[in-house]
Amino acid sequence: MTAPTFRIVEFPRSRIATVDIGAIGKRKHYVSAVLELDVTVARERMASARKEPGPRVSFTAWILKVVGGTVSRHKEVAAFRCGRRKLMIFDDVDISIVVEKDVAGRKVPLPLVVRKVQEKSLAEITAEIDGAKAEMPVDGKAVLGQGSGVLERLYYRLPGAIRRAAWRLMLRRPRYVFGKMGNVVVTSVGMMGRVNGWFLQTSIHPVSFGVGSISRKPAVVGDGIESRDILPMTVLIDHDAVDGAPMARFIAALTKDIEAGLGL
């Protein structure tokens, strides 16, 4: 029998934080919504806009803008627990995303928090995402786990139980958490590669969005069936902070805004 071949690589430090977030996220009481959103109108409008002079606008930026606008009208879905009997609801919508950049021939994650999304234009959000990629140092040190501060280096040397205890302590301070990672997270796997379906993400944010890849599917339009551009999306909302009825109203509003191509 031939011996199996293999190689051993160093476990990336950035993955340690991901492991901790996954462990903490599993203890949260999320309600999950699995959606199929018709983005045909939005895609058609974006294609027409590209033919006109003006700043470039990305599909990801548009998703952030619609999410930010809808959350700003339903702020309770992005509320943090504040003690046992209070909620902290922020006026702004700050969205955490991850973009990728090629560094030394490999893809590395770049965490980015887009602040006050509800106030920014599509062009401003697009430029901010593009700028974050361009500004990242080529040695990759801006990536979590690549060795920035003393406390961060200490974090990666601590036992897992102590690291996760530190996370739980931090999450009890909503203003600090909001300043570090915002109140919304959007994970766009469709931006990284083609994913024909949904994925169920883990999160520690009050509301989390998992965005897949657009595919052509038959859908009922009026009294007929047409081929449409369908976007799969998974939404997690913290049931400890908000009841089911506000969740349903938020999901209905988000669906309407996205399928109407709001803002394009």
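Scope of this entry: the structure provided in the associated data block. (Residues numbered from 1 in each chain as written. Predicted model: local features only at pLDDT ≥ 70, side-chain atom pairs only at ≥ 80, totals over all residues. Heavy atoms only, no water.)

1. What to know about helix α6 (residues 160-170)
Moving on, step 1. Within the sequence span of α6, burial applies to G160, R163, W167 and M170. Around the axis of α6, the buried residues are gathered within 90° of arc, so they sit on the same side. In this structure, α6 carries A161 and L169 as exposed residues pointing more than 90 degrees from its buried face. (Buried < 20%, exposed > 50% of the residue type's maximum accessible area, 1.4 Å probe, protein only. Helix = DSSP H or I, 4+ residues; strand = E, 2+ residues; numbered from the N terminus. Arc of directions from axis to C-beta.)

2. Topic: the pairing of strand β8 (residues 215-221)
Moving on, step 1. The sheet contact formed by β8 and strand β9 (residues 224-238) spans 7 bridges and is antiparallel. Directly across from P218, in β9, lies its bridge partner S227. (Pairing = 2+ DSSP bridges.)

3. So, the nonpolar core
Moving on, step 1. Residues I95, V184, F209, M233, V235, I237 and I258 are the most contacted members of the largest nonpolar core, which totals 44 residues.
Moving on, step 2. It is helix α3 (residues 59-73) that provides the largest number of residues to this core, a total of 8 residues.
Moving on, step 3. Excluding its chain neighbours within four sequence positions, the residues that come into contact with I95 are L64, V67, G68, L112, V113, V114, V117, V184 and V186.
Moving on, step 4. In terms of nonpolar packing, the next biggest core, distinct from the first, is built from 15 residues, M170, L171, V177 and I204 among them. (Core = buried A, V, L, I, M, F, W, Y, C linked by side-chain atoms within 4.5 Å. Contact = heavy atoms within 4.5 Å.)

4. Observations regarding unusual backbone geometry
Moving on, step 1. A positive phi angle is found at K116, which is not glycine, with a value near 50°.
Moving on, step 2. By relative accessible area, K116 is classed as partly exposed at 36%.

5. Structural notes on the packing of α3 against helix α9 (residues 244-259)
Moving on, step 1. Running from N to C, α3 and α9 cross one another at 145°; their axes reach a closest spacing of 10 Å. Of the two elements, α3 crosses α9, and the hand of that crossing is right-handed. Touching W62, I63, V66, V67, T70, V71 and R73 of α3 are F250, A253, L254, D257 and I258, all from α9.
Moving on, step 2. Here the contact of α3 with α9 is built from residues that sort into 9 nonpolar, 1 polar and 2 charged. (Axes fitted to C-alpha atoms, helices over the stretch in contact; angles between N-to-C directions. Left-handed = near helix turned anticlockwise from the far one by under 90°. Nonpolar A, V, L, I, M, F, W, Y, C, P; charged D, E, K, R; others polar.)

6. Overview of a nonpolar patch on the surface
Moving on, step 1. Where nonpolar side chains cluster on the molecular surface, the patch consists of V34, W198 and L200 and spans about 330 Å² of accessible area.
Moving on, step 2. Secondary-structure assignment places W198 in the loop between α8 (189-192) and β7 (207-211). (Patch = residues over 30% accessible without salt bridge, like charges linked within 9 Å, V, L, I, M, F, W, Y side chains within 5 Å. Areas by Shrake-Rupley, 256 points an atom, 1.4 Å probe, with all protein chains shown as cover. Salt bridge = Lys/Arg side-chain N within 4 Å of Asp/Glu carboxyl O.)

7. A closer look at the layout of surface pockets
Moving on, step 1. Within this model, the second largest pocket holds a volume of roughly 570 Å³.
Moving on, step 2. Around the second largest pocket, the lining is made up of 17 residues, and of these K28, R81, R168, L171 and R172 lie nearest the centre.
Moving on, step 3. Of the residues that constitute the lining of the second largest pocket, the class distribution is 6 nonpolar, 3 polar and 8 charged. (1 Å grid on protein atoms, 1.4 Å probe; cavity = no way out; pocket = protein on both sides within 12 Å on 5 of 7 lines; lining within 4 Å. Points joined across faces, edges and corners; volume = space filled by probe spheres on them.)

8. Some words on the pairing of strand β6 (residues 184-188)
Moving on, step 1. In terms of burial, β6 is largely enclosed, as 4 of its 5 residues are buried.
Moving on, step 2. In this sheet, β7 lies alongside β6 in parallel orientation, the contact comprising 5 bridges. Looking at the pairing, V184 lines up with V207 of β7.

9. Notes on the pattern of salt bridges
Moving on, step 1. Applying the stated criterion across every chain, the model contains 13 salt bridges.
Moving on, step 2. The salt bridge involving E36 is made with K217; its shortest N-O contact spans 2.7 Å. Of the two residues, E36 is situated in strand β1 (residues 30-38) and K217 in strand β8; the sequence distance between them amounts to 181 residues.
Moving on, step 3. As a salt-bridge pair, K116 and D92 come within 2.6 Å of each other at their nearest N and O atoms. With a gap of 24 residues between them, K116 in the loop between β5 (106-114) and α4 (122-135) and D92 in the loop between β3 (86-88) and β4 (95-103) connect regions that are remote in the sequence.
Moving on, step 4. Linked by salt bridges that have partners in common, D20, R163 and R164 make up one network.

Keep in mind these values describe shape, not function.
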